[in-house]
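Structural overview
Chain by chain, the residues:
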Amino acid sequence: SQQGEEDPQALSIQEGENATMNCSYKTSINNLQWYRQNSGRGLVHLILIRSNEREKHSGRLRVTLDTSKKSSSLLITASRAADTASYFCAPFMKTSYDKVIFGPGTSLSVIP
Amino acid sequence: EPEVTQTPSHQVTQMGQEVILRCVPISNHLYFYWYRQILGQKVEFLVSFYNNEISEKSEIFDDQFSVERPDGSNFTLKIRSTKLEDSAMYFCASSGGRDGYTFGSGTRLTVV
């Protein structure tokens, strides 16, 4: 497995705005996953996008993947205070059961 | 929705004591993991477990640590002689191999 690098490290927006965070990685992947961690709590799997997919949606989440640029983005639309959390990307080189190497994440603050 | 259950949620132990952290993974998952997060730091991989044996472990997972799946449902992490620096949140996770991990809510271990 490899570590994804999230950018920005911190993001502060008003409730109702959209939040975009980016992830870059170094080598070819089988799939890429996004996770959320609320402060002091467990990690929640948000979405998985496979290397042959370019875009995926889940509710207010939209994930894109550009394998030529080795990058992914997570868009949260119409953000809510409850979206305040840290967000992590996890690139998987071979399989979805490799270990995850977590980076520092993007810390999102949604201000009511 | 299926959950990974961890007990206890908080454990306080004296330095030098043995602790066992318990996890019940999702029943049809085959891959199991332990991660830890020291306060304010990244989530770190400890160990992965498949087919009743360790498939990978990190440098952190030294001889003081062991894992076991004693009865086909529980997955435990044992720390033989706890040190102050073992104080952290410990997360168990399981995977069916296709759709990402499911993490438990964690056990906060405090070594005094």
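I will try to describe carefully the structure that is included in this document. (Residues numbered from 1 in each chain as written. Chains lettered and ligands numbered in written order. Predicted model: local features only at pLDDT ≥ 70, side-chain atom pairs only at ≥ 80, totals over all residues. Heavy atoms only, no water.)

Right, let's talk about unusual backbone geometry for a bit. For the bond from Asp7(A) to Pro8(A), the omega torsion is 0°, close enough to zero to count as cis. Cis peptide bonds are those with omega within 30 degrees of zero, and the linkage from Thr7(B) to Pro8(B) qualifies with -10°. Mapped onto the elements, Pro8(B) comes out in the loop between β1 (5-7) and β2 (10-13). Positive phi is not limited to glycine here, since Ala78(A) has a value of about 45°. Note that Ala78(A) resides in the loop between β8 (71-76) and β9 (85-92). (Helix = DSSP H or I, 4+ residues; strand = E, 2+ residues; numbered from the N terminus.)

Moving on, we come to the packing of aromatic side chains. Under the definition given, this model contains 18 aromatic pairs over all chains. Relative to Phe103(B), the ring of Tyr35(A) has its centre 5.7 Å away and its plane inclined at 90°; by these criteria the two rings are edge-to-face. Of the two residues, Tyr35(A) sits in strand β4 (residues 31-37) while Phe103(B) sits in strand β10 (residues 101-103), which places them in two different chains. The buried category is assigned to Tyr35(A), whose relative accessible area is 0%. For Phe103(B), a relative accessible area of 7% gives the class buried. (Phe/Tyr/Trp six-rings, centres within 6.5 Å; stacked < 30°, edge-to-face > 60°. Buried < 20%, exposed > 50% of the residue type's maximum accessible area, 1.4 Å probe, protein only.)

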